[in-house]
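# Structural features, examined
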Amino acid sequence: MSGFDRRDIFAQAWPIILGQALVPLVGVVDTAVIGRTGDAAMLAGVALGVTTVSLIFWTFGFLRMGVTGLSAQALGAGDAAELRVLLVRALLLGILLGAALLLLSPLIVPTALELMHVPAAAARAAHDFTAARLFGAPAALGFYVLNGWLLGLGRTRLALACQVAFNGVNIVLDVLFVAGLGLGPWGAGIGTSIAEWIALGSGLWAARQVLGSSWWRIGRPTIFAPGAFRRLLSVNADIMIRTVALLLLFTWFTRSGARLGAVPLAANHVLMQFVSVSAFVLDGFAFVAEARVGAAIGAGSRANLLRAARLTGEFSLAGGVLFAAGIAAGGPWLIALITRDPAVQAQAMAMLPFCALVPLIGMPSWWLDGIFIGATRGRALRNAALLALALYLATDALLRRHGVAGVWIALLASYLYRAAALGVRFPRLLRETGSD
């Protein structure tokens, strides 16, 4: 991965961008099919269900992020054997953790929704949706591993193919189960769970394309070598804490909307679909940064690290500007497309200017995340997220009297806090990387 330019960066990024644009469609489709067939209370319940599932699943997001950094570094170091063993170890870990979530779901679902302070009118919808989504937990966590491994290797077209398979099935099943069969929130949740099992199968097919048909045949002593899983977990422990901190931040954002009533909660959820799409698409360049920076770290090349940071940063900034303008211009039409409820539409329109600022203000933190994930600097990521969470909670409390506007201003401030905390650590990362 040496000697790359802007054309190489974009060639690697565009399949990720397309794939990432499809990721938030899980929430968008779930929201849209309910928003066009149900009322504000049902939409609010699905909004809380989506947030709850995201909190549960992305607690284990280190399975994707850590594997990307480790596989990119193994690729940069030319260690083909480690690439294969890493995939098997991480995949076993992901599926086992997902199975545990499924088995414990009768306890997890009511506890999680109780912590979310779900309004009474939305409680049944939130429970049905969340319970149905956990049937896909083993597949979802296993796919995190496979997706992260493909991204670390720069096999972005295969990652895109898997994402297309997942979202295509998800859209068809959501429309069939909700709009066609009238299964409501449970139908939206179970349709997505089935799609997650399809995604796992497509990821296993992709691994076969890269490594051959016998890629998984590794001796048990090699897979369970002393310290192997301990090293995998130690690399990812700080990333897990970072992920939990950020999930708590966004959960608090949802909770702040819920505190103001079902209509603000539903309107915020509609707007967060725009935020999700912009964040996931701009993460395409952050993922390229992960792969390029990881390869530079593995090869001990400071020059490649700097070049990867600069080029991906240029693309990220341009994307942030474009998304901010796109949300501001197209937001009214998109709001009307997602929900028919007049009160929800009016509230979402009032907050649209704040939503449009998120891609521009959030971009630096997303880009820096990619750099530090690729470098597997989990401690820096953990500390930045914890600091951002603490400052965000303080800001939210200070702005509470400003209602929904205060909720959005606090969210915007959280991105600035995280970017600043990571930015001050970048010079140290350079010093710790070999010279050339």
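### A few points about the overall build of the protein
Looking only at helices and strands, the protein has 18 helices and zero strands in total. Out of the 436 residues belonging to the protein, those deemed buried represent 56%. Once local pairs closer than 6 in sequence are excluded, the contacts in the protein between residues at least 24 apart make up 86%. Working note: accessible area of the protein is about 16,800 Å², and carbon and sulfur atoms make up 68% of it.

### Points about the packing of helix α4 (residues 62-77) against helix α13 (residues 262-299)
Interaxial distance between α4 and α13 falls to 7 Å at its minimum, and their mutual angle equals 45°. One way to sum up the angle between α4 and α13 is to call them oblique. The handedness of the crossing between α4 and α13 is right-handed. Touching Arg-64, Thr-68, Ala-72, Gln-73, Gly-76 and Ala-77 of α4 are Phe-287, Glu-290, Ala-291, Gly-294, Ala-295, Ile-297, Gly-298 and Ala-299, all from α13.

### Quick word on the side chain of Arg-64
You can see Arg-64 is positioned in helix α4. Side-chain polar atoms of Arg-64 contact the side chain of Glu-290, separated by 2.7 Å.

### With respect to the pattern of salt bridges
Following the criterion strictly, the structure yields eleven salt bridges and no others. Here Arg-64 and Glu-290 are joined by a salt bridge, their closest N and O atoms 2.7 Å apart. Separated by 226 residues along the polypeptide, Arg-64 in helix α4 and Glu-290 in helix α13 bring together distant segments of the chain. Glu-290 sits in the buried class, given a relative accessible area of 2%.

### Some thoughts on a nonpolar patch on the surface
Taken together, the side chains of Leu-176, Leu-181, Leu-183 and Trp-186 present a nonpolar region at the surface, about 370 Å² in accessible area. Its location among the elements puts Leu-183 in the loop between α9 (156-180) and α10 (184-211).

### What about the confidence of the model for the protein?
Interpretation of this model should avoid reading the predicted coordinates in detail wherever pLDDT is low. Taken as a whole, the protein shows an average pLDDT of 85; of its residues, 89% reach a score of 70 or greater. The least confident element of the protein, judged by mean pLDDT, is helix α11 (residues 220-223) at 64; the most confident is helix α17 (residues 403-423) at 95.

### A closer look at the nonpolar core
In this structure, Phe-57, Ile-371 and Phe-372 are the most contacted members of the largest nonpolar core, which totals 82 residues. When near neighbours in sequence (up to four residues on either side) are disregarded, Ile-371 contacts Ala-289, Val-293, Ala-309, Phe-426 and Leu-429. Formed by 36 residues, the second largest nonpolar core is a distinct cluster that contains Leu-246, Leu-282, Ala-385 and Tyr-392.

### Some details on α10
The terminal C-alpha atoms of α10, which comprises 28 residues, lie 41 Å apart, in line with the 40 Å expected from a rise of 1.5 Å per residue. Two residues or fewer past α10, Gly-212 is found with a positive phi of approximately 100°.

### Side note on the packing of aromatic side chains
Under the defined criterion, the tally for this structure stands at six aromatic pairs. Where Phe-253 meets Trp-408, the ring centres are 5.1 Å apart and the plane angle is 80°; that geometry is what we call edge-to-face. Of this pair, Phe-253 sits in helix α12 (residues 228-259) while Trp-408 sits in helix α17; the two residues are 155 residues apart in sequence, bridging distant segments of the chain. Taken individually, Phe-253 and Trp-408 each receive the classification buried, so the pair is uniform in this respect. Cluster of aromatic residues (ring-pair linked, three or more members): Phe-10, Phe-285 and Phe-315. Across the ring face of Phe-287, the terminal group of Arg-64 is positioned such that the distance to the ring centre comes to 4.1 Å.

### Quick word on the side chain of Ser-365
By the secondary structure assignment, Ser-365 is in helix α15 (residues 342-374). For Ser-365, the side chain forms a polar contact with the main-chain oxygen of Gly-362, separated by 2.7 Å. Residues within four places of Ser-365 in sequence aside, it is in contact with Tyr-415, Arg-418, Ala-419 and Leu-422.

Thresholds applied
Residues numbered from 1 in each chain as written. Predicted model: local features only at pLDDT ≥ 70, side-chain atom pairs only at ≥ 80, totals over all residues. Heavy atoms only, no water. Helix = DSSP H or I, 4+ residues; strand = E, 2+ residues; numbered from the N terminus. Buried < 20%, exposed > 50% of the residue type's maximum accessible area, 1.4 Å probe, protein only. Contact = heavy atoms within 4.5 Å. Areas by Shrake-Rupley, 256 points an atom, 1.4 Å probe, with all protein chains shown as cover. Axes fitted to C-alpha atoms, helices over the stretch in contact; angles between N-to-C directions. Parallel < 35°, antiparallel > 145°, perpendicular 65-115°, else oblique. Left-handed = near helix turned anticlockwise from the far one by under 90°. Polar contact = N/O pair within 3.5 Å; in protein donor to acceptor, adjacent residues only side chain to side chain. Salt bridge = Lys/Arg side-chain N within 4 Å of Asp/Glu carboxyl O. Patch = residues over 30% accessible without salt bridge, like charges linked within 9 Å, V, L, I, M, F, W, Y side chains within 5 Å. pLDDT = per-residue confidence, 0-100. Core = buried A, V, L, I, M, F, W, Y, C linked by side-chain atoms within 4.5 Å. Expected span 1.5 Å × (residues − 1). Phe/Tyr/Trp six-rings, centres within 6.5 Å; stacked < 30°, edge-to-face > 60°. Lys NZ or Arg CZ within 6 Å of the ring centre and 35° of its normal.

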